[in-house]
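The lines below spell out each chain.
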Amino acid sequence: MRNRLSGVMLLLLLAIAATGCADGGQLHDAGLTPAVTERPTPQLLWAADATSAPPSPAAPSSPSAPVPLTGITATSDRIEDLPLSTVLQKDPGLSADERSALAGCDGCTIRPAQYRDLTGDGRSELLAALVTPSRAYLHVYALNNRQVLPVLDLTLQLGFTADTVGTDLVVHEPTQATEIISTYQWDGARLLFKDQQVLGAPLCTPAKAPVPTPTSSSGDRPTPAVVPEKSGPSGVAPATRSAAPGPAPATQSTPPPGSQIAVPLVPPTTPTAKR
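Below is a summary of the structure that appears in this document. Just so you know, these numbers come straight off a predicted model, no measurement behind them.

**Quick notes on the environment of Thr-75**
Here is step 1: Relative to the helices and strands, Thr-75 resides in the loop between strand E1 (43-46) and helix H2 (84-89).
Here is step 2: Given a relative accessible area of 67%, Thr-75 falls into the exposed group.
Here is step 3: Once the C-alpha coordinates of Thr-75 and Gln-147 are considered, the two residues, 72 residues apart in sequence, prove to be 9.6 Å apart.

Shown next as structure tokens:
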């Protein structure tokens, strides 16, 4: 008997050890906690201008391969060693409006150069912005074998801001009622348009017209429809039962409240004198 009880206890201990689970409501070891991946924090490039322009969509950049600027070569692998004004002057893609900004037109500004790694190779790219009274322009330049490559050219709204999220360039353009957020990403040769969001544009839905409620002209409740009596097989209305023979009982109608009751006048009878 003792051996049998010992065998049962051993089986119970083996079953508990095989499950390896804690009771409900208890803590148990689930292993190492997976590492948390931090998302890059946006890094602001320039502050926004106080002015704004009428809304107009910005066209994405051309996917053609960039052509190195002629007449300028870097002396090192650092684009920071090149003067901003020299790089802009050697760019043949600048418009006449931008050339006026370089010449110092009234109301034109050249924002300070910014340097961010947008290609992911560990080296910085040059970001330049020119602002005129009507438009703003953003340019990005990269070094390849010490040659300067224009990898992005944008025409933007006045009052735009830009920042970098990791290696992505994010441009914010305010309009009268919306904000257009465009993202540009390195594709191995240049910065290309990735996606766009429009914030602050609510969708207007027309209100439903109220359904008219049918009412009678007198303001009373609508008169219920009269349901006709069912006819017999030959189409003749069924005959009503005849009352039992005898005098018909007198019916008394109840006058409506507040109405006067008409009492019939009966002429008085003259009593007969006894003889």
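After that view, the rundown keeps rolling.
**Here's the deal with the nonpolar core**
Here is step 1: The biggest cluster of nonpolar side chains holds 22 residues, and the ones touching the most others in it are Trp-46, Val-140, Phe-160, Leu-169 and Val-171.
Here is step 2: Elements with a contribution of two residues or more to this core: E1, strand E4 (125-131), strand E5 (136-144), strand E6 (147-156) and strand E8 (168-174).
Here is step 3: Considering each element in turn, this core owes the most residues, 5 residues, to E6.
Here is step 4: Sequence-distant contacts of Leu-169, defined by excluding residues within four places in its chain, comprise Leu-45, Leu-127, Leu-138, Val-140, Leu-152, Ala-162, Asp-163, Thr-164, Ser-182, Thr-183, Tyr-184 and Leu-191.
Here is step 5: In this structure, Leu-84, Leu-102, Leu-126 and Ala-128 belong to the second largest nonpolar core, which totals 18 residues.

**Examining the pairing of E4**
Here is step 1: The buried fraction of E4 is high, at 7 of 7 residues.
Here is step 2: Neither face of E4 is left uncovered, since the one carrying Glu-125, Leu-127, Ala-129 and Val-131 and the one carrying Leu-126, Ala-128 and Leu-130 both have all their residues buried.
Here is step 3: Relative to E4, strand E3 (residues 114-116) is paired through 3 bridges, and the arrangement is antiparallel. Within E4, the residue paired with Tyr-115 across the bridge is Leu-126.
Here is step 4: Pairing of E4 with E5 involves 6 bridges; the strand directions are antiparallel. Bridging across to E5, Leu-126 finds its partner in Tyr-141.
Here is step 5: Where E4 hands over to E5, the hairpin turn is made up of 4 residues, counted between the paired strands.

**Considering the sheet that holds strand E9 (residues 179-186)**
Through backbone hydrogen bonds, the strands of a sheet pair up, either in parallel or in antiparallel fashion.
Here is step 1: One open sheet accounts for 5 strands, arranged E1-E7-E8-E9-E10; its pairing is antiparallel. Two strands bound the open sheet, and with one partner strand each, they are E1 and strand E10 (191-199). On average, each strand axis in the sheet is tilted by 25° relative to the strand beside it, whichever way the strands run.
Here is step 2: In this structure, E8 lies alongside E9, joined through 6 bridges in antiparallel fashion. Residue pairing in the sheet places Leu-169 in a bridge with Tyr-184 of E9.

**Details of the packing of aromatic side chains**
Here is step 1: Within this structure, the stated rule accounts for 1 aromatic pair.
Here is step 2: Taking 5.8 Å as the distance between ring centres and 70° as the angle between the ring planes, the aromatic pair formed by Tyr-184 and Phe-193 counts as edge-to-face.

**Brief notes about the pattern of salt bridges**
Here is step 1: Throughout the structure, instances matching the rule amount to 4 salt bridges.
Here is step 2: Between Asp-77 and Arg-146 there is a salt bridge, and its shortest N-O distance comes to 3.5 Å. Placement of Asp-77 in the loop between E1 and H2 and of Arg-146 in the loop between E5 and E6 is noted, with a sequence separation of 69 residues between them.
Here is step 3: Between Asp-168 and Lys-194 there is a salt bridge, and its shortest N-O distance comes to 3.7 Å. In this pair, Asp-168 is assigned in strand E8 and Lys-194 in strand E10, connecting sequence segments 26 residues apart.
Here is step 4: Given the relative accessible area of 14%, Asp-168 is considered buried.
Here is step 5: The exposure class assigned to Lys-194 is partly exposed, which follows from its relative accessible area of 44%.

Rules behind the numbers
- Numbers given to residues run from 1 along each chain, matching the order in which its sequence is written.
- Only residues with pLDDT of at least 70 are given local features in this predicted model, and only at 80 or more are side-chain atom pairs given and counted; all residues enter the totals for whole chains, interfaces and linings.
- Side-chain metrics rest on all non-hydrogen atoms present in the structure, leaving aside hydrogens and water.
- Runs of E in the DSSP output that reach at least two residues are strands. Runs of H or I that reach at least four are helices, and both are numbered from the N terminus.
- Accessibility here uses a 1.4 Å probe with only protein chains present; expressed as a share of the type maximum, an area under 20% marks a residue as buried, one over 50% as exposed, and anything in between as partly exposed.
- Remark: nonpolar core denotes a set of buried residues (Ala, Val, Leu, Ile, Met, Phe, Trp, Tyr, Cys) joined through side-chain atoms within 4.5 Å.
- Two residues qualify as a contact provided that any one of their heavy atoms is within 4.5 Å of a heavy atom in the partner residue.
- At least two DSSP bridges between two strands are required for those strands to pair.
- To get an axis, a line is fitted to the C-alpha atoms, and for a helix only the part in contact is used. The angle between two axes follows their N-to-C directions and goes from 0 to 180 degrees.
- A pair of Phe, Tyr and Trp rings is counted when the ring centres sit within 6.5 Å of each other, with Trp represented by its six-membered ring. The angle between the planes then sorts it: under 30 degrees is stacked, over 60 is edge-to-face, the rest tilted.
- The salt bridge criterion pairs a side-chain nitrogen of Lys or Arg with a carboxyl oxygen of Asp or Glu, the two atoms within 4 Å.

Nothing here speaks to function; it is all geometry.
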